[in-house]
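These are the residues of each chain, in order.
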Amino acid sequence: MKRTGLFLLAALAAALTTAAGAQPQLKMMIPANPGGGWDQTGRNLAAAMQSAKLVSGVQFDNKGGAAGAIGLAQFINASKGDPNAVMIGGMVMIGGTILNKSPVNLTQVTPVARLTSEWEVIVVPASSPHKTMADLVKAFKADPGKVSWGGGSAGGTDHILIGLIARQVGVEPAKINYVPFKGGGEAVAAILGGHVTAGVSGIGEFAEHVKSGKMRALAQSGPSRVENISSLKEQGIDVELGNWRGIFAAPGISPQQRDALVKLVRAATETPSWKATLEKLGWTPVFLAGDEYKRFLEEDTKRVAAIIESLGLKK
């Protein structure tokens, strides 16, 4: 009986060790429609995790609308205390929730890690009469309402960039004709179809269409030339703006569960798969985890709120 008891204890211990070391099955909320920057970030991060066998699988849920607030609300309500639930988000969500006076915001979830930063690019369809940024600015100054800008959610990075450009070239930001889309796929279709004058988004989202010649890149928001696209600064418009993206966990998880997710995400960002993604999409790695990421979020929320206020973008 003693031997049997010892054997059972050993078997139970082995089973518990195996369970503790098992790869998690993640549930990933992407609070935007397919095709955009958050979707690219989430799916490429998941691919990196799976390529390194860090997870057993990833289940995706795309829920676009209201600068990510619809997906955020669902994530908060459905995932509380779930250590395997994560969500992609970023600067766009901060601006959008402020501008739209959303009842939910990023203080209600658990910050895991900031992942990337990306410069914004301004494009027009290949058939556009605007051959240069100067052409577009001339038309914008002549009749602001006639020039429509297609981008992500109202109050997000794309919207803020156009507001900063407007202020620099002498156009009242409140006169901007901004057309928000729920996802990158919708924005691309609108730009290529000529339904908006110009499009604005992260460089990676429009990269393939610029390379194929379907879109013409007029400027980007970095400090100097990127991907052979001249910066706004180089063209006399003193604006520089980067769009960061990161990953969050559910509300109500323990510090140990958060730290386990930080470890998992950090390992994924060190894989060849993730590094290839950064290179392909022109993303800059800006990894920041845990409490440092939380402090960054608090500071960036104040910064974005001040920009939106100064541009008069609030309705």
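About the cut-offs
- Residues numbered from 1 in each chain as written.
- Predicted model: local features only at pLDDT ≥ 70, side-chain atom pairs only at ≥ 80, totals over all residues.
- Heavy atoms only, no water.
- Helix = DSSP H or I, 4+ residues; strand = E, 2+ residues; numbered from the N terminus.
- Rg over C-alpha atoms; globule rule 2.2 N^0.38 Å.
- Buried < 20%, exposed > 50% of the residue type's maximum accessible area, 1.4 Å probe, protein only.
- Contact = heavy atoms within 4.5 Å.
- pLDDT = per-residue confidence, 0-100.
- Pairing = 2+ DSSP bridges.
- Right-handed = clockwise from strand over helix to strand, strands pointing away.
- Core = buried A, V, L, I, M, F, W, Y, C linked by side-chain atoms within 4.5 Å.
- Salt bridge = Lys/Arg side-chain N within 4 Å of Asp/Glu carboxyl O.
- Polar contact = N/O pair within 3.5 Å; in protein donor to acceptor, adjacent residues only side chain to side chain.
- Expected span 1.5 Å × (residues − 1).
- Arc of directions from axis to C-beta.

**Brief notes about the overall build of the protein**
(1) Moving on: Scanning the protein from N- to C-terminus turns up 11 helices and 10 strands.
(2) Moving on: Radius of gyration (C-alpha) of the protein: 22 Å, near the 20 Å computed for a compact globule of 315 residues.
(3) Moving on: If one aligns the C-alpha atoms of the protein with their principal axes, the spans along those axes are about 90 × 40 × 30 Å.
(4) Moving on: Out of the 315 residues belonging to the protein, those deemed buried represent 52%.
(5) Moving on: A sequence separation of at least 24 residues applies to 80% of the contacts in the protein between residues at least 6 apart.

**Re the confidence of the model for the protein**
(1) Moving on: Residue-level pLDDT values for the protein average 91, and 93% of them are 70 or greater.
(2) Moving on: Here residues 4-20 is a poorly scored stretch, pLDDT under 50, and it has 0 contacts once near neighbours within four places are set aside; other chains count.

**So, the pairing of strand 1 (residues 25-30)**
(1) Moving on: Direction of pairing for strand 1 relative to strand 2 (residues 57-62): parallel, over a ladder of 6 bridges. Opposite Ile30, over in strand 2, you have Asn62 as the bridge partner.
(2) Moving on: In this fold, strand 1 hands off to helix 2 (residues 37-51), which returns the chain to strand 2; that crossover is right-handed.
(3) Moving on: Pairing between strand 1 and strand 3 (residues 85-90): 3 bridges, direction parallel.

**Digging into the nonpolar core**
(1) Moving on: Leu106, Ile122, Met133, Trp149, Ile165, Leu232 and Ile247 are the most contacted members of the largest nonpolar core, which has 83 residues in total.
(2) Moving on: Val121, Ile191, Val196 and Ile229 belong to the second largest nonpolar core, which has 13 residues in total.

**Points about unusual backbone geometry**
Phi is mostly negative for residues that are not glycine, and the peptide bonds are mostly trans.
(1) Moving on: Look at Lys101: it is not a glycine, yet its phi comes out positive at around 50°.
(2) Moving on: One can find Lys101 in the loop between helix 4 (91-99) and strand 4 (110-125).
(3) Moving on: Looking at Lys101, the relative accessible area reads 65%, which means it is exposed.
(4) Moving on: A positive phi angle, close to 55°, is found at Glu227, a residue other than glycine.
(5) Moving on: Position of Glu227 relative to the elements: it lies in the loop between strand 8 (215-220) and strand 9 (242-249).

**Section: the pattern of salt bridges**
(1) Moving on: Enumeration over the complete set of coordinates arrives at 9 salt bridges.
(2) Moving on: Of the charged contacts in the structure, one is a salt bridge between Arg245 and Glu118, with a shortest N-O distance of 2.7 Å. Taken together, the residues Arg245 in strand 9 and Glu118 in strand 4 connect sequence positions 127 residues apart.
(3) Moving on: Judged by relative accessible area, which is 2%, Arg245 ranks as buried.
(4) Moving on: Glu118 gets classed as buried once you look at its relative accessible area, which sits at 1%.
(5) Moving on: For Lys233, the salt bridge is made with Glu240, and the minimal N-O distance between the two is 3.1 Å.
(6) Moving on: By relative accessible area, Lys233 is classed as partly exposed at 35%.
(7) Moving on: A network of salt bridges, in which partner residues are shared, links Glu118, Glu205 and Arg245.

**Re the side chain of Ser221**
(1) Moving on: Take Ser221: it is sitting in the loop between strand 8 and strand 9.
(2) Moving on: From its side chain, Ser221 meets the backbone nitrogen of Glu120 in a polar contact 2.8 Å long.
(3) Moving on: From its side chain, Ser221 meets the backbone oxygen of Leu241 in a polar contact 2.5 Å long.
(4) Moving on: Dropping the residues within four chain positions of it, Ser221 is found in contact with Trp119, Glu120, Leu161, Leu232, Val239, Glu240 and Leu241.

**Side note on the environment of Leu297**
(1) Moving on: Note on placement: Leu297 falls in helix 11 (residues 290-311).
(2) Moving on: Linking Leu297 and Gly90, residues 207 residues apart in sequence, is a C-alpha distance of 9.2 Å.
(3) Moving on: In contact with Leu297, not counting residues within four places along its chain, are Ile94, Leu106, Pro111, Trp244 and Phe248.

**Re helix 9 (residues 255-269)**
(1) Moving on: For helix 9, built from 15 residues, the straight-helix expectation of 21 Å at 1.5 Å per residue is met to within 8% by its first-to-last C-alpha distance of 21 Å.
(2) Moving on: Taken together, the buried positions of helix 9 are occupied by Arg258, Leu261, Val262, Leu264, Val265, Ala268 and Thr269. Considered in projection along helix 9, the buried side chains sweep an arc of 165° and stay on one side of the axis. Turned more than 90 degrees off the buried face of helix 9, the exposed positions are Pro255, Gln256 and Lys263.

**Re the environment of Gly57**
(1) Moving on: Here Gly57 is to be found in strand 2.
(2) Moving on: In this structure the C-alpha to C-alpha distance between Gly57 and Asp143, which are 86 residues apart in sequence, comes to 51 Å.

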